[in-house]
Amino acid sequence: MYREHPDSAPMAEFLRSARSRLTPREAGLDDSGPGRRRVSGLRREELARLAGVSVDYYTRLEQGRSRSASAEVLDALATALQLNDAERSHLHALARPRPVRRSRPRPQRVHRATWDLLDALQQTCRPGFVLGRRLDVLAHNQLAGRLITDFRALPAAERNQARFVFLDPHARELYRDWARVAADTAAMLRLDAGRHPDDPALSALVGDLSIHSEEFRRFWSDNKVHRRSTGTKDYHHPLVGDLTVTYQALIPGDDPDQILFVYGTEPGSPSETTLRLLTRWNSATAGTRSVTAQAPRAHD
């Protein structure tokens, strides 16, 4: 009976999950031999052979009995598992020794230039918002608040994208493909957990979501990670109807744990018309000044 080291458990779970998702055909292996396979994904010996490591060594990694793996071995495993860039970075993060935390992390502050940029985006009919550690919503302009939800109006502890997606009934109606958004959100949170394994607030958030959302528990157990860069998102807004936005994720300033999301629409498209309608509705009812000017300037 092996004993899994607590610090190795996340990496072991991630390796097992990634191996189970990769089929022999996808890995370029011949799966036409006799006998029924007991696993849908690769066998340990198959992955070890593809990565160029011994079966015993890989087994120790996957069982959490080894906390040491060189960068070369991790890259070989990542290549054999066909991991994308985000997944490869996550694997390396999980393999790093956990630092000893001596104090609470410093509160995250949104730079004045970022606030100004959010206001400028508002004037060009572009929703914008900033996510921090644990997917906390640090700032957003008025249009983003109108499109998604006004996080400013929520208690500070509830200004979190994951809480909104999984615990707010409005989110299920707002996102036309809620399941995909929810899966990506859990995967983004999983990526954050790999980078900050000693964050007690993140652990508390995962625990709370696990208690209150069966879907979160399912997506979290998939052990997938996701980093948003560019893409599209479909909304069904209760005021203006359906629209599709494009998004780009940027890192503002010198805080790598902040991500600025900028939304846009295709010029001349029905979605552009719909978003401009939402902007005019905003202007008529709440003025044109961004809500970010009234939001808190720091977030733990």
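For the structure, see preceding data.
Analysis parameters
- Residues numbered from 1 in each chain as written.
- Predicted model: local features only at pLDDT ≥ 70, side-chain atom pairs only at ≥ 80, totals over all residues.
- Heavy atoms only, no water.
- Helix = DSSP H or I, 4+ residues; strand = E, 2+ residues; numbered from the N terminus.
- Expected span 1.5 Å × (residues − 1).
- Buried < 20%, exposed > 50% of the residue type's maximum accessible area, 1.4 Å probe, protein only.
- Contact = heavy atoms within 4.5 Å.
- Pairing = 2+ DSSP bridges.
- Axes fitted to C-alpha atoms, helices over the stretch in contact; angles between N-to-C directions.
- Salt bridge = Lys/Arg side-chain N within 4 Å of Asp/Glu carboxyl O.
- Core = buried A, V, L, I, M, F, W, Y, C linked by side-chain atoms within 4.5 Å.

Enquirer: Teacher, can you tell me more about helix H1 (residues 9-21) here?
Expert: An α-helix turns once per 3.6 residues; consequently, residues spaced three or four apart project the same way. Given a rise of 1.5 Å per residue, 13 residues ought to cover 18 Å, and the 19 Å separating the end C-alpha atoms of H1 matches this to within 8%. Those residues of H1 lying buried are Ala9, Met11, Ala12, Phe14, Leu15, Ser17, Ala18 and Arg19. Along its buried surface, H1 packs onto helix H2 (44-51), helix H3 (55-62), helix H4 (71-80) and helix H5 (85-95).

Enquirer: I keep staring at the pairing of strand S6 (residues 259-264) and nothing clicks. Help me out?
Expert: Within a regular strand, side chains alternate between the sheet's two faces. Taken across its six residues, S6 has five buried, putting it largely inside the fold. Two strands pair when backbone bridges link them, and strand S2 (residues 128-131) and S6 are joined in this way by four bridges, in the antiparallel orientation. The partner of Phe129 across the bridge, within S6, is Phe261. Note that strand S5 (residues 241-250) and S6 share five bridges and pair antiparallel. Bridged to Tyr247 within S6 is Tyr263.

Enquirer: How should the sheet that holds S6 be read in this particular structure?
Expert: In a beta sheet, neighbouring strands pair by backbone hydrogen bonds and run either parallel or antiparallel. Spatially, S3-S2-S6-S5-S4 is the arrangement adopted by the five strands of the open sheet, whose pairing is antiparallel. Of all strands in the sheet, those with a lone pairing partner are strand S3 (137-140) and strand S4 (230-237), marking the two edges. Recorded for the sheet is a direction-independent mean angle of 25 degrees between the axes of neighbouring strands. Helix-sheet contacts for helix H6 (residues 112-123) involve S2, S3 and S6, and the interaxial angle to S2 is about 150 degrees.

Enquirer: Explain the pattern of salt bridges to me, please; I cannot follow it from the model alone.
Expert: Once the charged atoms of two side chains with opposite charge are near each other, the side chains can pair. Counted according to the given criterion, the structure contains 16 salt bridges. The closest approach of N and O atoms between Asp136 and Arg134, which form a salt bridge, is 3.2 Å. Judged by relative accessible area, Asp136 falls into the buried class, the value being 7%. Under the relative-accessibility criterion, Arg134 is labelled buried at 6%. Between Arg180 and Asp184 there is a salt bridge whose closest N-O contact spans 3.8 Å. In this pair, Arg180 and Asp184 both sit in helix H10 (residues 178-195), four residues apart, roughly one turn of the helix. Using a relative accessible area of 34% as the deciding quantity, one classes Arg180 as partly exposed.

Enquirer: Looking at this structure, how should I read the nonpolar core?
Expert: The nonpolar side chains of a soluble globular protein tend to be buried, and buried together. Formed by 41 residues in total, the largest nonpolar core has its most connected members in Ile148, Phe166, Tyr175, Leu189 and Tyr235. Looking at which element gives the most residues to this core, the answer is H10, with seven residues. The residues contacting Ile148, other than those within four sequence positions of it, are Phe129, Phe164, His170, Leu174, Tyr175, Tyr235 and Tyr263. Membership of the second largest hydrophobic core comes to 25 residues, among which are Leu15, Leu42, Ala48 and Leu74.

Enquirer: I'm lost on the environment of Phe164 in this one. Help?
Expert: Note that Phe164 resides in helix H8 (residues 161-167). Taking C-alpha positions, Phe164 is 9.5 Å from Ile148, a pair spaced 16 residues apart along the chain. Contact partners of Phe164, with chain neighbours within four places excluded, come to Ile148, Thr149, Phe151, His170, Ala171, Leu174 and Tyr175.

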